[in-house]
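# Observations on chain architecture
Each chain, letter by letter, is given below.
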Amino acid sequence: IAVTEPTVLTLKCFYDGDDSQSQNVTLKAVYDENGHYLESTVDLISGEIDKQNCMYLYPDQSYEIEIKTSAENIEWNVSLSFLGNTSTDTFSGTGSTVTSWFAPTSCYYKVNYSGDDNFVLYKFDFHDFDNMFAGFVPEYNVQGPFTGLISITSVYDQYTFFAIDVPSGEWTIEPVK
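This structure is a prediction, so every number in the text was calculated from the model and none was measured. Residue numbers run consecutively from 1 along every chain, following the written order of its sequence. In keeping with the model being predicted, local features are shown solely for residues with a pLDDT of at least 70 and side-chain atom pairs are shown and tallied solely at 80 or more, while totals for entire chains, interfaces and linings include all residues. Only hydrogens and water are removed before side-chain values are computed, so all heavy atoms of the structure are retained for them.

From N to C terminus, the chain includes zero helices and 16 strands. For the chain, the residues scored as buried account for 41% of the 177 residues in total. Residue contacts follow a heavy-atom distance rule, with two residues in contact if any of their heavy atoms lie within 4.5 Å. A separation threshold of at least 6 residues defines the contact pool for the chain, and within that pool the share at least 24 residues apart is 76%. For the chain, the exposed surface amounts to about 9200 Å²; the carbon and sulfur share of it is 46%. For helices the rule is a DSSP run of H or I covering at least 4 residues; for strands it is a run of E covering at least 2, with both sets numbered from the N terminus onward. For each residue, the accessible area found with a 1.4 Å probe, counting protein chains only, is set against the maximum for its type, and the residue is called buried under 20%, exposed over 50%, and partly exposed in between. For accessible areas, the Shrake-Rupley method is used with a probe of radius 1.4 Å. Any residue's cover is judged against the shown protein chains and nothing else.

Right, dumping it as structure tokens:
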């Protein structure tokens, strides 16, 4: 795939195995002729629904995507979200999304989720730059309903975005002033 603007690649997985052995899915994005790549692995246990991982893809690069599973009965889906810029740092919605790049106006953000499903929130900011190559680790992976705080280390920096993974239910993320 050719990426022309900042992009987040999301890998979602479901494993419905009948054994107690964990399985995994590895996502590899090769980006040059020398074989340099970004790699992310999602570890699964039987019955995990829509477990995901995100990877940042640099603009003006071409990527060859490879996906390997450790078992045949693992379902997976890959999606791309293009990151635009926005002047707001308050977000709300239902279901899964990736926000645009934004400049934080606070060191802390209040997160509310009113649904009953599992709520997963990923955060990327400029100081997490090294982590984006191996995929993101969720800030929250909790059963709803949920209210919590998330800290931002690069206040007033344009390089922050959130990725929210939830099947349903309303959520909001807003700065604590």
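Next comes the rest of the account.
This part is about the sheet that holds strand 14 (residues 146–151). Two strands qualify as a pair provided that DSSP identifies no fewer than 2 bridges between them. Overall, antiparallel pairing links the four strands, which are arranged 9-16-11-14 in an open sheet. In this open sheet, the two strands that pair with only one neighbour each are strand 9 (91–94) and strand 14. Pairwise comparison of adjacent strand axes, ignoring direction, gives a mean angle of 15° for this sheet. Axes here mean lines fitted to C-alpha atoms, for a helix over just the part in contact, with angles spanning 0 to 180 degrees between N-to-C directions.

Regions with low pLDDT carry predicted coordinates that are not meant to be interpreted in detail. Residues at a pLDDT of 70 or more form 82% of the chain, whose mean pLDDT is 79. pLDDT: the predictor's confidence for each residue, scored from 0 to 100. No element of the chain has a lower mean pLDDT than strand 5 (residues 48–57), at 69, and none a higher one than strand 16 (residues 170–175), at 94. Contacts from residues 130–134, a stretch scored under 50 in pLDDT, to residues over four places away or in other chains number eleven contacts.

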